[in-house]
Amino acid sequence: MHPIMDYLLQSAELSIVEFNIHERNEMQTFNRTLPSYVMSYIKKGEAKLRIRDEVYPLAPGTVVIIPPHIEHDHYKETKDETIFLWCHFTYEIGSALDVMKIFNLPITFKLQKPEIFERVFVDFVEITDSQDFLIKTILKKAKSYEILYLLLENIMRSQEKVFEQDHSKGFISMLTQIVKNPEKEVSLKELSNQFHLHPTYISNRFKELFGKSPIQIQRELKIDRAKKLLRSTEMTVTEIAYEVGFTVVPGFTRLFKNYVGISPTQYRNMNTKWNSNTPVVKQ
């Protein structure tokens, strides 16, 4: 299991969208949904979180992790000062797969060594204000991954069931197979024969676990790879189509346009990294 997990985690990209440290005497945030994960840590004071009919009291040392698109209320009932360390983040492979879905994440949990997490988070916030190029790029990225590591490590130490049982029965292997070779065509029939599971069950369980079917994940990985090649190389559209696993260019162009809204050539013209004197490579 661990070598497979290693590959998925190393293939994912962490993006901290927003973050800050806030001191609040009042907080009334209701019916909020966000496209990213919400992480909130209580350093001092109290607050409450409501998701559906469940209310979670939040005390110092408590972490909240709310998945994307989950409606929630985050509020205070007293005027006492509360200090929040918070961020909104994504951890994805090619904008196609939310890697956090692999973990059986609790909504709230207590940190075992909160002082270490607090120090790393403060370092991350302070690095953002630095004028040093290396600090703002390399060190900031390193600190963001250290924050994620501390959260996941704490969950794995304190929770017996970190992964869903079905993951260990083949779904992580299926997922890794697709991520490693998105250019290779995959079919539910082939997965069914390989893992001895019904095709409909594979598709439905994939959607339940990862939010998308195997075919959808593969297609989005192909499109993401194509977008990167269009932005950063001089390969022709035909070469890129073959590179991401298409045998006919019209099929690639049609799928690309369905997902991106414009053709590959239009996308390259809008996002090319070459200077204005460099001719744009077309199909």
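Criteria and thresholds
- Residues numbered from 1 in each chain as written.
- Predicted model: local features only at pLDDT ≥ 70, side-chain atom pairs only at ≥ 80, totals over all residues.
- Heavy atoms only, no water.
- Phe/Tyr/Trp six-rings, centres within 6.5 Å; stacked < 30°, edge-to-face > 60°.
- Lys NZ or Arg CZ within 6 Å of the ring centre and 35° of its normal.
- Buried < 20%, exposed > 50% of the residue type's maximum accessible area, 1.4 Å probe, protein only.
- Helix = DSSP H or I, 4+ residues; strand = E, 2+ residues; numbered from the N terminus.
- Arc of directions from axis to C-beta.
- Contact = heavy atoms within 4.5 Å.
- Pairing = 2+ DSSP bridges.
- Axes fitted to C-alpha atoms, helices over the stretch in contact; angles between N-to-C directions.
- Parallel < 35°, antiparallel > 145°, perpendicular 65-115°, else oblique.
- Left-handed = near helix turned anticlockwise from the far one by under 90°.
- Nonpolar A, V, L, I, M, F, W, Y, C, P; charged D, E, K, R; others polar.
- Patch = residues over 30% accessible without salt bridge, like charges linked within 9 Å, V, L, I, M, F, W, Y side chains within 5 Å.
- Areas by Shrake-Rupley, 256 points an atom, 1.4 Å probe, with all protein chains shown as cover.
- Salt bridge = Lys/Arg side-chain N within 4 Å of Asp/Glu carboxyl O.

**A look at the packing of aromatic side chains**
One pass over the structure, following the stated rule, counts 12 aromatic pairs. Grouped by ring-pair contacts, the aromatic residues Phe171, Tyr201, Phe206 and Phe210 constitute a single cluster. Here the guanidinium or amino end of Lys222 rests over the ring plane of Phe246, the centre of that ring lying 4.8 Å away.

**Re helix H10 (residues 264-271)**
Those residues of H10 lying buried are Pro264, Thr265, Tyr267 and Arg268. Projected down its long axis, H10 shows its buried positions confined to an angular sector of 160°, all on one face. Check the buried side of H10 and you find it contacts helix H7 (214-232), helix H8 (237-243) and helix H9 (249-260).

**Quick notes on the sheet that holds strand S5 (residues 54-58)**
With respect to topology, 4 strands assemble into an open sheet ordered S2-S7-S4-S5, the strand pairing being antiparallel. Of all the strands in the sheet, just strand S2 (28-32) and S5 have a single pairing partner and so form its edges. Going from strand to strand, the sheet's axes swing by 10° on average, the running direction of each strand aside. Relative to strand S7 (residues 72-75), S2 is paired through 3 bridges, and the arrangement is antiparallel. Opposite Arg32, over in S7, you have His72 as the bridge partner.

**Quick notes on the packing of H7 against H10**
Two elements in contact, H7 and H10, have axes whose closest approach is 9 Å; the angle formed by their N-to-C orientations is 50°. Relative to H10, the element H7 is oriented oblique. The chirality of how H7 crosses H10 is right-handed. Residue-level inspection shows Lys227, Leu229, Leu230 and Arg231 of H7 in contact with H10, the latter providing Pro264, Tyr267, Arg268 and Asn271. Class assignment of the residues belonging to the contact of H7 with H10 gives a composition of 4 nonpolar, 1 polar and 3 charged.

**Overview of the pairing of strand S6 (residues 62-66)**
In terms of burial, S6 is largely enclosed, as 5 of its 5 residues are buried. Across the two faces of S6 the burial is the same, with Thr62, Val64 and Ile66 and Val63 and Ile65 all buried. Two elements, S6 and strand S10 (residues 108-110), share 3 bridges in a ladder whose sense is antiparallel. What sits directly across from Thr62, in S10, is Lys110.

**Some points on a nonpolar patch on the surface**
Taken together, the side chains of Phe133, Leu134 and Ile138 present a nonpolar region at the surface, about 360 Å² in accessible area. The topology assignment puts Leu134 in helix H3 (residues 133-158).

**Quick look at the environment of Gly245**
By secondary structure assignment, the location of Gly245 is in the loop between H8 and H9. On the accessibility criterion, Gly245 (22% relative accessible area) is partly exposed. Residues Gly245 and Glu183, 62 residues apart in the sequence, show an inter-C-alpha distance of 4.1 Å. Residues within four places of Gly245 in sequence aside, it is in contact with Glu183, Glu185 and Lys222.

**Here we look at the pattern of salt bridges**
Throughout the structure, instances matching the rule amount to 14 salt bridges. As a salt-bridge pair, Lys79 and Glu26 come within 2.4 Å of each other at their nearest N and O atoms. Taken together, the positions of Lys79 in the loop between S7 and strand S8 (82-93) and Glu26 in the loop between strand S1 (13-24) and S2 put the pair 53 residues apart, joining distant regions of the chain. The partner of Glu46 in a salt bridge is Lys76, with the nearest N and O atoms 3.1 Å apart. Of this pair, Glu46 sits in the loop between strand S3 (37-44) and strand S4 (47-51) while Lys76 sits in the loop between S7 and S8, placing them 30 residues apart in sequence. Looking at Glu46, the relative accessible area reads 21%, which means it is partly exposed. Accessibility expressed as a relative area gives 3% for Lys76, which makes it buried. Each of Asp123, Lys143 and Glu146 takes part in salt bridges that share partners, so that together they form one network.

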